[in-house]
Amino acid sequence: AVPMARDPKEEFGDLIAALPRKEKFILVGRRLYKGFWLLEPYAPGILAFQRRFTPRPDDVVLTSYPKCGTTWLKALVFAAMARDAYPPDAADHPLRRLNPHACIPFMEDIFTKRQEAKLDGLPSPRLVHTHTPYALLPDTVTTGDGCKVVYICRDPKDMVVSMYHYLRRLHPDLSLADTFHSVLDGTVLYGPMWDHVLGYWHASIARPDRVLFLKYEDLLRNTGEHLRKLAEFMGRPFSAAEEAAGTVESVVELCSFDNMKNLDVNKTGAIERKYHSVAHDAFFRKGVTGDWVNHMSSRLDEIFHDKLRGTGLMD
Ligand code: A3P
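Just so we're clear, the structure is a prediction, and the values are computed from it rather than from any experiment.

**A closer look at the nonpolar core**
Core analysis: the biggest nonpolar cluster contains 95 residues, and Y65, L95, V150 and C255 have the highest contact counts within it. Here this core gets nine residues from one element, more than from any other, and that element is helix α3 (residues 70–81). When residues no more than four places from it in sequence are discounted, the contact partners of V150 are V60, V61, L62, T63, L73, L212, L214, L230 and F233.

The structure is reproduced here in structure tokens:
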């Protein structure tokens, strides 16, 4: 068993209690910290991460706004970095028996559960993930040599639709309109999303050797090309021999939406977070770009239909 770290709820409780608060959205309240709305139950863990995490120079911190392709990024990065120990074609590859979220620790969860000693035991290069905005990352990550940071963003309209379907699992009464408005007013899940995206965008321009900025849409269009970029950025470029052997294509195939979605491990089971559990299959819905068209235009049609019904205008 790992030794428990100091309880961040005790350590940061007073600081958090003094922050502006918004009532529950879905399951939890939100607190405004330095311009970002944090999920209340994770706020202590985020502060502990910010103040206690010591990166190693070859760490890779994966970052994202929720529902922008985190699961896919985790799979690609894990498969690329572990490819010597686990060739992507291997029948016993960890990604064939574990959900990608089980392969890469989520900092909010680790620090909230006071399990950060686990991180010390991980072999280098360590791969970790957080949704924390760039401005709230530990100074040890964002200054000096820090470590590598990879961010993935996505068309916000598709993010909203993805979030709607995801959150509806936790709260079946949720409407698309409520999800949409919570994103618009910036108060949901580490929002505002535009500041989240911009923080990483500016950092990727200022520190291109340390921060890599990816777009879900680009990744879908040409996964191999971006996987090569990722591997190079992380200091593990694909060799000529690997290129000749088709290793890039094998990683892309292993991590593809169709492959991942249809694995038994991703069709069953759930991730147990400290405050809720999420079914593995909730992370694999459609995996396309532009799905917002199927929701937003039809929703607008619905509203107009309702409002104009019986007026004769629609006939
Ligand atoms: P949709 O709901 O639009 O299908 P996150 O991983 O950040 O929670 O984001 C989830 C979104 O990424 C979902 O989008 C999900 O289907 C998509 N996704 C998950 N795995 C993927 C993969 N291997 N390839 C492409 N998209 C994937």
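Resuming the write-up.
**Some remarks on the state of the cysteines**
Scanning the model with the defined rule gives zero disulfides in all. Cysteine C103 shares no disulfide, and the gap to the nearest cysteine sulfur, in C255, comes to 9.8 Å. Under the relative-accessibility criterion, C103 is labelled buried at 15%.

**Focus on the packing of aromatic side chains**
The full count for this structure, using the stated rule, is ten aromatic pairs. Taking 5.4 Å as the distance between ring centres and 75° as the angle between the ring planes, the aromatic pair formed by Y134 and Y200 counts as edge-to-face. With Y134 in the loop between β5 (127–130) and α8 (139–142) and Y200 in helix α11 (residues 193–206), the pair connects residues that are 66 residues apart, well separated along the chain. For the pair formed by Y134 and Y200, the shared burial category is buried. Taken together through their ring pairs, the aromatic side chains of Y134, Y151, Y200, W201 and F213 make up a single cluster. A cation sits over an aromatic face here: R83 above F238, 4.1 Å from the ring centre. Positioned over the ring face of F233 is K148, at 5.1 Å from the centre of the ring.

**Looking at a nonpolar patch on the surface**
Residues L198, W201 and I205 make up a contiguous nonpolar surface patch of about 290 Å² in total accessible area. One can find W201 in helix α11. Note on W201: relative accessible area 38%, which makes it partly exposed.

**Let's talk about the layout of surface pockets**
In this model, the largest pocket occupies a volume close to 940 Å³. Around the largest pocket, the lining is made up of 48 residues, and of these P66, K67, Y166, A282 and F283 lie nearest the centre. Mapped by element, the contributors of at least two residues to the lining of the largest pocket are β2 (28–33), α3, α9 (156–170), α12 (216–221) and α16 (257–262). If one sorts the elements of the lining of the largest pocket by residue count, α9 sits on top with six residues. Its residues assigned to classes, the lining of the largest pocket comprises 27 nonpolar, twelve polar and nine charged. Its boundaries defined by the atoms lining it, the second largest pocket holds a volume of some 380 Å³. Forming the walls of the second largest pocket are 16 residues, and the residues nearest its centre are F78, A82, P123, P125 and L127. Of the residues assigned to the lining of the second largest pocket, the class counts are eleven nonpolar, one polar and four charged.

**Concerning the packing of α3 against helix α13 (residues 223–233)**
Following both chains from N to C, one finds α3 and α13 inclined at 60°, their axes separated by 11 Å at the closest point. When the axis of α3 is compared with that of α13, the two are oblique. Judged by the twist between their axes, the crossing of α3 over α13 is right-handed. Here W72, L73, L76, V77 and A80 of α3 lie close against α13, whose contacting residues are T223, L227 and L230. A breakdown of the residues in the contact of α3 with α13 according to their chemical character gives seven nonpolar, one polar and no charged.

Thresholds, definitions, all that
Residues numbered from 1 in each chain as written. Predicted model: local features only at pLDDT ≥ 70, side-chain atom pairs only at ≥ 80, totals over all residues. Heavy atoms only, no water. Core = buried A, V, L, I, M, F, W, Y, C linked by side-chain atoms within 4.5 Å. Buried < 20%, exposed > 50% of the residue type's maximum accessible area, 1.4 Å probe, protein only. Helix = DSSP H or I, 4+ residues; strand = E, 2+ residues; numbered from the N terminus. Contact = heavy atoms within 4.5 Å. Disulfide = S-S within 2.5 Å. Phe/Tyr/Trp six-rings, centres within 6.5 Å; stacked < 30°, edge-to-face > 60°. Lys NZ or Arg CZ within 6 Å of the ring centre and 35° of its normal. Patch = residues over 30% accessible without salt bridge, like charges linked within 9 Å, V, L, I, M, F, W, Y side chains within 5 Å. Areas by Shrake-Rupley, 256 points an atom, 1.4 Å probe, with all protein chains shown as cover. Salt bridge = Lys/Arg side-chain N within 4 Å of Asp/Glu carboxyl O. 1 Å grid on protein atoms, 1.4 Å probe; cavity = no way out; pocket = protein on both sides within 12 Å on 5 of 7 lines; lining within 4 Å. Points joined across faces, edges and corners; volume = space filled by probe spheres on them. Nonpolar A, V, L, I, M, F, W, Y, C, P; charged D, E, K, R; others polar. Axes fitted to C-alpha atoms, helices over the stretch in contact; angles between N-to-C directions. Parallel < 35°, antiparallel > 145°, perpendicular 65-115°, else oblique. Left-handed = near helix turned anticlockwise from the far one by under 90°.

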